[in-house]
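# Chain and residue survey
The residues making up each chain are set out below.
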Amino acid sequence: RDKVRLTWTAGGTGGGWFVMAAGMAKIIEEKAPHFQVNVIPGGGTTNQPVVGMKKAELGWGLSPFAVAARKGEDPYKEKYEAIRAIGASFSDNYLHILAAEDTGVKTIPELINYPKPIRVGPGKIGVGGEWVFKKILAYYQTSYDQIKAKGGKVLFTGYPEMATNMKDRHIDFISINIAPPAAIVQEAALGRKLRILPWPEELRQTMKEKYGFGLGVIKKESYPGILTKDIPTVVYGTVLMVHKDVAANVVYEITKIVNESRDRLPAIHKSMKVYDPATAWKDLPAPLHPGAEKYYREKGYMK
């Protein structure tokens, strides 16, 4: 059979999305040896244009961004109407706003009104955690520029550097969008005690109404030693995007392998236990690819 070469844009190296894509790529190649899936680093806001322009055939997406990308709304300047979906809710990503315990900060408003210069690592520009942090600042009528004007620092780095910067005391706060339990959180907490900040209800509701976030809770069991109680936050569901021009038989085969290997997904990343083929085709932020639709109909999930 002819080789099928595909590129899959995931998340930051070392992050949950990268691990999840690499694990799924391995299963696809094992079940269909004619497939070759190359996983590349990506991010929550950047993957949509990458798939939309077919720089990668496959990519993880976040529902609010997939909707915005197809419409050409913030943070996008163009419409990416070629985005299609294979399925959704592969994993729920939770916003983690972390504060070093030695800052004394226990809530998001306390972070915003921190009396000393704020030193924060929101992630690389364009990743989900960074985009959300910008929206939080805007909600409280402040910005990166105002943080810097008061002598603060904003370091746009990847996950491994964030953890190191937190341990080495170059930053005191982190914003990441990731599925718990996240290795980066445990790693950052090794050299310095951390708190995960709860979201005020009004802020959560604003994010839900304005940007299409879900409401969620980071369970204390996810981070023993860090959390003593559950933390309210906002959630993005993970959608598997595909370019519309990928052949229907190729998408059908991927959908079939992924769905029929569902029991193996939680071993790749615990957060994937939420995935359910019976509902994966519902409430998608982009049209279902015909190849994926064929599989869901064949299985009787779609009537």
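Given the structure is predicted, the values throughout are model-derived calculations rather than measurements.

## Overview of the overall build of the protein chain
- A count of helices and strands for the protein chain gives 12 helices and 10 strands.
- Taking 303 residues into account, the globule formula puts the C-alpha radius of gyration at 19 Å, and the protein chain, at 19 Å, falls close to it.
- Principal-axis analysis of the C-alpha atoms places the extent of the protein chain at approximately 60 × 40 × 30 Å.
- For the protein chain, buried positions account for 55% of its 303 residues.

## Regarding the pattern of salt bridges
- Evaluation of the coordinates by the stated rule reveals 15 salt bridges.
- The salt bridge partner of Asp 102 is Arg 192, with a shortest N-O separation of 3.0 Å. Placement of the pair is Asp 102 in the loop between β4 (83-100) and α4 (108-112) and Arg 192 in the loop between α8 (183-188) and β8 (194-196), with a sequence separation of 90 residues.
- Asp 102 sits in the partly exposed class, given a relative accessible area of 47%.
- Judged by relative accessible area, which is 5%, Arg 192 ranks as buried.
- Arg 204 serves as the salt-bridge partner of Glu 201, at 2.7 Å between the closest nitrogen and oxygen. One end of the pair is Glu 201 and the other is Arg 204, both in helix α9 (residues 201-211) and three residues apart, which spans about a single turn.
- For Glu 201, a relative accessible area of 41% gives the class partly exposed.
- The network of salt bridges with shared partners includes Asp 102, Arg 119, Arg 169, Asp 172 and Arg 192.

## Overview of the side chain of Asn 177
- Tracing the backbone through its elements, the reader meets Asn 177 in strand β7 (residues 173-178).
- Judged by its relative accessible area of 7%, Asn 177 falls in the buried class.
- Here Asn 177 is in contact with Leu 62, Asn 93, Tyr 94, Leu 95, Gly 128, Gly 129, Tyr 159 and Tyr 236, once residues within four sequence places are set aside.

## Remarks on the nonpolar core
- Membership of the largest hydrophobic core comes to 80 residues, with the highest contact counts inside it found for Trp 8, Met 24, Trp 60, Val 132, Ile 136, Trp 199 and Ile 254.
- Not counting the four nearest positions on each side in its chain, Ile 136 is found in contact with Ile 97, Ile 108, Ile 112, Trp 199, Leu 203 and Met 207.

## Concerning the pairing of strand β2 (residues 35-40)
- By the alternation rule, side chains of β2 split into Phe 35, Val 37 and Val 39, which are all buried, and Gln 36, Asn 38 and Ile 40, of which none is buried.
- Pairing between strand β1 (residues 4-9) and β2: six bridges, direction parallel. Following the sheet pairing, Arg 5 is matched in β2 by Gln 36.
- Remark: the β1/helix α1 (residues 16-31)/β2 crossover connection has right-handed handedness.

## Observations regarding the environment of Arg 1
- Within the element layout of this structure, Arg 1 appears in the segment before β1.
- C-alpha separation for the pair Arg 1 and Phe 35, spaced 34 residues apart in sequence, amounts to 9.7 Å.
- Leave out the neighbours within four places in its chain, and Arg 1 touches His 34 and Glu 253.
- Within the structure, the side chain of Arg 1 is placed 3.5 Å from the side chain of His 34, a separation counted as a polar contact.

## Some words on the packing of aromatic side chains
- As enumerated under the stated definition, the model contains 15 aromatic pairs in all.
- Ring centres 6.2 Å apart and planes at 80° place the aromatic pair Tyr 76 and Tyr 80 in the edge-to-face group.
- Under the relative-accessibility criterion, Tyr 76 is labelled buried at 8%.
- Ring centres of Tyr 144 and Phe 156 lie 5.3 Å apart, and the angle between their planes is 80°; on these two criteria the pair is classed as edge-to-face. Taken together, the positions of Tyr 144 in helix α6 (residues 144-149) and Phe 156 in the loop between β6 (153-154) and α7 (159-167) put the pair 12 residues apart, joining distant regions of the chain.
- A relative accessible area of 10% places Tyr 144 in the buried class.
- Three or more aromatic residues joined by ring pairs make a cluster, and in this case those are Trp 8, Trp 17, Trp 60, Phe 90 and Tyr 275.
- In this structure, Lys 294 packs its charged tip against the face of Tyr 252, placed 4.5 Å from the ring centre.

## As for α9
- For α9, every residue scored as buried is listed here: Leu 203, Arg 204 and Met 207. Buried residues along α9 cover an arc of 100° about the axis, so they all sit on one side. Facing away from the buried side of α9, by more than 90 degrees, are the exposed residues Glu 202, Glu 209 and Lys 210.
- Those residues of α9 hidden inside the fold are in contact with α4, α5 (128-139), β9 (214-218) and β10 (231-243).

Rules of the game
- Residues numbered from 1 in each chain as written.
- Predicted model: local features only at pLDDT ≥ 70, side-chain atom pairs only at ≥ 80, totals over all residues.
- Heavy atoms only, no water.
- Helix = DSSP H or I, 4+ residues; strand = E, 2+ residues; numbered from the N terminus.
- Rg over C-alpha atoms; globule rule 2.2 N^0.38 Å.
- Buried < 20%, exposed > 50% of the residue type's maximum accessible area, 1.4 Å probe, protein only.
- Salt bridge = Lys/Arg side-chain N within 4 Å of Asp/Glu carboxyl O.
- Contact = heavy atoms within 4.5 Å.
- Core = buried A, V, L, I, M, F, W, Y, C linked by side-chain atoms within 4.5 Å.
- Pairing = 2+ DSSP bridges.
- Right-handed = clockwise from strand over helix to strand, strands pointing away.
- Polar contact = N/O pair within 3.5 Å; in protein donor to acceptor, adjacent residues only side chain to side chain.
- Phe/Tyr/Trp six-rings, centres within 6.5 Å; stacked < 30°, edge-to-face > 60°.
- Lys NZ or Arg CZ within 6 Å of the ring centre and 35° of its normal.
- Arc of directions from axis to C-beta.

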